[in-house]
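# Overview (structure and organization)
Listed here are the chains, written in short residue letters.
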Amino acid sequence: MDSLLIPETRVVQTCGNAWGPTVTGEGICFRIWAPAEKNVTLRLSDDHVMTPVGDGWFEVVVEGQPFGSAYGFVLSDGRVVADPASRQQVSDVSGLSVLTDPRAYQWQDGDWLGRPWHETIIYELHIGTFTQEGTFQAAAGKLARLAELGFTAIELMPVAHFPGDRGWGYDGVLQYAPHSAYGTPDDFKVFVDLAHDLGLMVFLDVVYNHFGPVGNFLDQYAPGFFREGKENDWGAQIAFEEEPVRRLFIDNALYWLEEFHLDGLRFDAIHELKDDSKPHVIEELSTIIRARITDRHVHLVTENPPNGTDLMASGLFTADWNDAFHHVIHVIATGENTGLFEDFGDASFDKLRKVLSEGYLEAGQSIVGKPLPPSASLPPVAFVHFLQNHDQVGNRALGDRLHMTIDEQLHSVLTSTLLLSPQIPLLFMGDCFKATTAFHFSPITRARLPTPSAKIVLHRPKTSVVIPGDLQRPIFPTRMSRQPSLARNWIGARPKPSRGGSGHPGFSVCSACAAIKSFRICHLQKDTRQLC
């Protein structure tokens, strides 16, 4: 117990420039960038006055290793705020942070080198609704089934701590802290460790273009974190030209990849990362990752609606989510040609041929100011394709999925097209057994939402809610239900074969097995019959 006691505070001139607690030779270094504050105090059992060390930084070193203790920062006006680089929260984002030991978990994946990108078959899932429990531990118990089905990668919707207990995760506030309702950081590490033991890569969505609306006080003690008077779709633009701001996000990407052994990241809406610096923050981030992690496969994927090819052509990023495939397929399958599908109604099959052969439908816009080679010059695996993902499922007003609105055999053909095409395929949770449960857009639940400030506002869907058919009355997305009817086991129990030989409800020609026989999956399984 003596090792958990907090001895006297020692003041040092500097202990590096990283955000969050750092283990040093003299103890634990706590730092915060608070240029608007005259003084800051660390509250960790006792109060420890922090020393200003220049450029708006305050720091203090506490001897010993009080891991598991709650702490926060006391601002000049007496308010106590969480560490903006908290690794774990006691409860919600507005509460105290927990000092964690990054060395405590004993990894078992020492021989894991990852997998080459061309072997990637992605299953996208949301930890909070993937199982009834909605935790890392419960989800880990289902990984063997996903590996058995032939998937080679799990992509997690964001887990960075967001307001409330349940939500999509795209309104993250504390970028370093796994959401407490999902479990502890070590629970997440167990999930990754088990996935690697099963041959599964694990990717994570990260959102660096805005913060959630509750529990984020950066604009009050570090107003320079945001660009004054400049907005994006979700609030004030983040000031990536400021070195402390830049460092928080670059270190965060490294944190997920190194401390959690993740195999890759998917960067949400990178066109909203506005940066006039040279190099652009997204370019510097990927350059540092490529230089630092060289002993295993790491895959960096973008969501880049402007269709820029510069990041992939440079080799800094592996692939991009290509919405055009989904939009064209949806128009062909359903006949819907209004709203976001309006530009895909004419010559749809010609557009599909172009997407499958060249990638993007339209010329793109540069993200980092470099020349744009045509998308046809990139390899097919530079594009991630899907019949639906969280956005498309969540933004349907009635929560109807594609397989609920089209002919069963047509859906089997489309699934086979996705899996057998040379691009990287992604299936959303529930697709493998044709789930009928809704997954409505849910930005925040069970958290009191104040009037959003000009700097931090509620995340909005990237596309407007789609109202199918001739439905006239407005329907708004509802919060994610925790009732058994919705929060269910998203991979389902192994179904009994139907008369048509299908292994999964609705797969009348077993399109999954057709894909398994292809070059993409066949070498992964010795006995494909077990998957059907």
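Running from N to C, helix α6 (residues 243–259) and helix α7 (residues 281–292) cross one another at 35°; their axes reach a closest spacing of 10 Å. The crossing of α6 and α7 is right-handed. Together, Arg246, Phe249, Ile250, Ala253, Leu254, Leu257 and Glu258 of α6 and Val281, Glu284, Leu285, Ile288, Ile289 and Arg292 of α7 make up the contact between the two elements. Here the contact of α6 with α7 is built from residues that sort into nine nonpolar, no polar and four charged.

With that settled, consider unusual backbone geometry. For the bond from Lys278 to Pro279, the omega torsion is 0°, close enough to zero to count as cis. Despite not being glycine, Ala347 has its phi angle at roughly 50°, a positive value. Mapped onto the elements of the fold, Ala347 is located in the loop between α9 (323–334) and α10 (348–358).

Here we come to the sheet that holds strand β12 (residues 153–156). Taking strand neighbours around the barrel as the criterion, the eight strands line up as β11-β12-β15-β18-β19-β20-β21-β22 in a closed arrangement whose pairing is parallel. Pairs of neighbouring strands in the sheet enclose a mean axial angle of 30°, with direction left out of account. Here strand β11 (residues 122–125) runs beside β12; their pairing, made up of four bridges, is parallel. Of the residues in β12, the one forming a bridge with Glu124 is Glu155. Strand contacts of α6: β15 (201–206), β18 (264–267) and β19 (299–302), with the helix running at about 145° to β18, the strand carrying the most contacts.

Thresholds applied
Residues numbered from 1 in each chain as written. Predicted model: local features only at pLDDT ≥ 70, side-chain atom pairs only at ≥ 80, totals over all residues. Heavy atoms only, no water. Axes fitted to C-alpha atoms, helices over the stretch in contact; angles between N-to-C directions. Helix = DSSP H or I, 4+ residues; strand = E, 2+ residues; numbered from the N terminus. Left-handed = near helix turned anticlockwise from the far one by under 90°. Contact = heavy atoms within 4.5 Å. Nonpolar A, V, L, I, M, F, W, Y, C, P; charged D, E, K, R; others polar. Pairing = 2+ DSSP bridges.

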